[in-house]
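An overview of the molecular structure
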Amino acid sequence: MKIIYKSLCFVLAAIIILFTISALAGLTVKDGIVYNRIFKDAYRTEKEDDIGTSAQIAFTPKESEGDVSDEIMDEIASVIKKRFLYNTALEADVYVDYKNDTVITSFPYQKGITEADISGLVGNLSDSGRVTIFEGVVKDEDGEVDTEKAPEKVLFTSEDIVGAYYGQGSASGKFTVILYFYPEKIEELKTVTAGLAEKKEVMSLWFDGKYITTLELKEALDQGAIVMNDLFTSIVSAAAFSNLVNAGAMPVDIESVDGALITPAHYGDGILDWVLIGAAVAAVIFTAAMVVKFRLSGVAAAVGLIGFFGGITASFTGYFADSAMGTASMAGIAGAIAAGILFIDCAYVTANSVKNELGHGREIERSAKAALKSSFKSVLGVNIAAAIAAVLLIGLCGPWDNLFARILDPVLSWISANTVRELYDFGKVLFVGVICNMIMGVIVPRIMIRSFMQYRAMRKPKCYGAKEER
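Figured I'd write up the structure that's included with this text. (Residues numbered from 1 in each chain as written. Predicted model: local features only at pLDDT ≥ 70, side-chain atom pairs only at ≥ 80, totals over all residues. Heavy atoms only, no water.)

**Notes on the sheet that holds strand S7 (residues 154-157)**
Sheet strands associate in pairs through backbone hydrogen bonding, adopting either a parallel or an antiparallel arrangement. Strands sit in the order S7-S6-S10-S11 across an open sheet of 4 strands; the sheet is antiparallel. Edge positions in the open sheet fall to S7 and strand S11 (210-215), since each of these has one partner strand only. On average, each strand axis in the sheet is inclined to that of its neighbour by 25°, with strand direction left out of account. Direction of pairing for strand S6 (residues 131-135) relative to strand S10 (residues 203-207): antiparallel, over a ladder of 5 bridges. What sits directly across from valine 131, in S10, is phenylalanine 207. Along the sheet, helix H4 (residues 186-198) contacts S6, S7 and S10; its crossing angle with S7, the most-contacted strand, is approximately 145°. (Pairing = 2+ DSSP bridges. Helix = DSSP H or I, 4+ residues; strand = E, 2+ residues; numbered from the N terminus. Axes fitted to C-alpha atoms, helices over the stretch in contact; angles between N-to-C directions. Contact = heavy atoms within 4.5 Å.)

What follows is the structure, encoded as structure tokens:
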């Protein structure tokens, strides 16, 4: 048996507990008045959100755009995902129907939300998000800026801008937005603005074809950024503008299908609370039973369970990436429950195998090695089977242009798009759960048991639930 350091069990437990706490609470750093999330938390939605009540909005390119490629559809979906991501009140799943050139979004339907709120959300998601910077402005008969007519000469567009940052400006209380340009555009920005400053000419910034502001130039902009001081009167409007810029511009103009919201499916109020309460009760019962029956092996399983819960939570919040791997829907919850059952099975098989081997009275390290080896073969097979099932669901019910979906197209065409999406959600969460289970339900308990056995007081068979002692 390979050497496992004594303290490894405690170090590993501490790391797992800290990880789970961070997955639940997140980590946010305040920069001025702006909060930057380093790790996302499990409570980014308001308490009144009902995870079991969801709505769907479908988007498609406007008829004037003609036929669009799958690549363009992917770009549209990517922009919509980012816009949902920046809207921290909503967590959504975005699904592309390549057959019908449609992007379907599904998201929690908040209590108290109105049709006006939905209309605003549709508009926010379908905006082109294009920034255009022109040379000069067009003035009307009174010498005022004509906000309906843009100048002819385009200087820069969204493709030149890498992102936006907003913050409080001067003592006026208004908010400033800074547009940052790509490194390869910095020199061009400097040259263009130097020429305009010399001619005492201005630039005008337009967003989605609407006039935003006039940019006066006293000197060349050599920092690769345009600073728009006191542009917005509220942090909400400044954040909304910046978030749209950061999410990127739509490759083509899109619209909601018939402008309609698909009727939400109500699973009952407070479903999230009941799911969490049920999970907590099950975890307590499982932990108590394992500790009573298997002693230290049960403790190892309990630590693994904490890590498993943290891993599943992290997959729902997008802790490791820009978007969540799991979807907070009934199908996603079902996938998490199925993965949890796998964890319980693996933890029990490992602990019971160790108990049985040590009860034979043989040398403890040799018995533990044999027990862990035999149990690993059993749990590996179960997890591989679950992973294969999850991959098949992801392949069959995922993007419609993959090989599995094309082969079974005659079958899938008889299933509603909503059902297909739910099977896809279930498969994604189940696959993530299998990965979490292999780490937290198989590897972690094995390491901790071997670490426990480095302590003389913990080398007795009774410490692992075995009746017979050496």
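**Side note on a nonpolar patch on the surface**
Together, Ile17, Leu18, Ile21 and Ile306 make up a nonpolar patch on the protein surface, roughly 350 Å² of accessible area in all. For the nonpolar patch, the leading source of residues is helix H1 (residues 8-25), giving 3 residues. (Patch = residues over 30% accessible without salt bridge, like charges linked within 9 Å, V, L, I, M, F, W, Y side chains within 5 Å. Areas by Shrake-Rupley, 256 points an atom, 1.4 Å probe, with all protein chains shown as cover. Salt bridge = Lys/Arg side-chain N within 4 Å of Asp/Glu carboxyl O.)

**Concerning the sheet that holds strand S12 (residues 225-232)**
As summarised here, the arrangement of the 3 strands in space is S8-S9-S12, forming an open sheet in which the pairing is antiparallel. Every interior strand has two partners, whereas the edge strands, strand S8 (161-168) and S12, have only one. Geometrically, the sheet is characterised by an average inter-axis angle of 20° between neighbouring strands, direction not taken into account. The sheet contact formed by strand S9 (residues 175-181) and S12 spans 5 bridges and is antiparallel. Each bridged residue has a counterpart across the sheet, and for phenylalanine 175 the counterpart in S12 is phenylalanine 232. Sitting on the sheet, helix H5 (residues 235-247) touches S8, S9 and S12, and the angle it makes with S8 is about 170°.

**Quick look at the environment of tyrosine 424**
As for its placement among the helices and strands, tyrosine 424 is situated in helix H12 (residues 417-452). By relative accessible area, tyrosine 424 is classed as buried at 15%. For the pair tyrosine 424 and valine 391, spaced 33 residues apart in the sequence, the C-alpha separation amounts to 9.5 Å. (Buried < 20%, exposed > 50% of the residue type's maximum accessible area, 1.4 Å probe, protein only.)

**Focus: H5**
Along its 13 residues, H5 runs 18 Å from first to last C-alpha, staying within 8% of the 18 Å computed at 1.5 Å per residue. Taken as a whole, H5 has its buried residues at Ala238, Ala239, Phe241, Ser242, Asn243, Leu244, Val245 and Ala247. Note on H5: the residue one or two positions beyond its end, glycine 248, has a positive phi of about 95°. (Expected span 1.5 Å × (residues − 1).)

**Some words on the packing of aromatic side chains**
One pass over the structure, following the stated rule, counts 9 aromatic pairs. Their ring planes at 75° and their centres at 5.4 Å tell us that phenylalanine 294 and tyrosine 348 sit as a pair that is edge-to-face. On the criterion of sequence distance, the pair formed by phenylalanine 294 in helix H6 (residues 271-294) and tyrosine 348 in helix H8 (residues 330-358) is long-range, its members being 54 residues apart. Among the residues examined, phenylalanine 294 registers a relative accessible area of 0% and is labelled buried. Chaining the aromatic ring pairs together yields one cluster made of Phe134, Trp206 and Tyr211. (Phe/Tyr/Trp six-rings, centres within 6.5 Å; stacked < 30°, edge-to-face > 60°.)

**Describing the nonpolar core**
Grouped together as the largest cluster of nonpolar side chains are 44 residues, with contacts concentrated most on Val354, Met448, Met453 and Tyr464. Counting only elements with at least two residues in this core, the list comes to H1, H6, helix H7 (296-317), H8, helix H9 (364-397) and H12. Here this core gets 10 residues from one element, more than from any other, and that element is H12. Not counting residues up to four positions away in its chain, the partners in contact with methionine 448 are Cys9, Leu12, Ala13, Ala300 and Val303. The next biggest cluster of nonpolar side chains, apart from the first, holds 28 residues, and it includes Leu155, Tyr166, Leu189 and Ala238. (Core = buried A, V, L, I, M, F, W, Y, C linked by side-chain atoms within 4.5 Å.)

**Re the packing of helix H2 (residues 70-86) against H5**
In the contact formed by H2 and H5, the axes pass within 9 Å of each other and the chain directions differ by 150°. As for the relative orientation of H2 and H5, their crossing is right-handed in sense. Along the contact surface, H2 presents Val79, Lys82, Arg83 and Tyr86, while H5 presents Asn243, Leu244, Asn246 and Ala247. (Left-handed = near helix turned anticlockwise from the far one by under 90°.)

**Looking at the pattern of salt bridges**
Two side chains carrying opposite charge are able to pair once their charged atoms lie near each other. Under the criterion given, the structure shown has 5 salt bridges. We note a salt bridge from glutamate 135 to lysine 199, for which the minimum N-O separation is 3.6 Å. Highlighted residues: glutamate 135 in strand S6 and lysine 199 in the loop between H4 and S10, separated in sequence by 64 residues.

**What to know about the environment of alanine 279**
Here alanine 279 shows up in helix H6. Residue class for alanine 279 comes out partly exposed when judged on its relative accessible area of 36%.

**A few points about the environment of tyrosine 86**
Along the polypeptide, tyrosine 86 turns up in helix H2. With 161 residues separating them along the chain, tyrosine 86 and alanine 247 place their C-alpha atoms 7.9 Å apart. Apart from residues lying up to four places away in sequence, tyrosine 86 is in contact with Asn243, Asn246 and Ala247.

**Details of H4**
Spanning 13 residues, H4 covers 18 Å between terminal C-alpha atoms, matching the ideal 18 Å at 1.5 Å per step. Those residues of H4 that sit buried are Leu189, Thr193, Leu196 and Ala197. In a view along the axis of H4, the buried residues occupy a sector of 95°, so they form one face of it. Exposed side of H4, more than 90 degrees from the buried face: Glu187, Thr191 and Glu198 are the residues found there. Residues of H4 that are buried in the fold lie against S6, S7, S9, S10 and S12. Looking one or two residues beyond H4, the residue adopting positive phi is lysine 200, at roughly 60°. (Arc of directions from axis to C-beta.)

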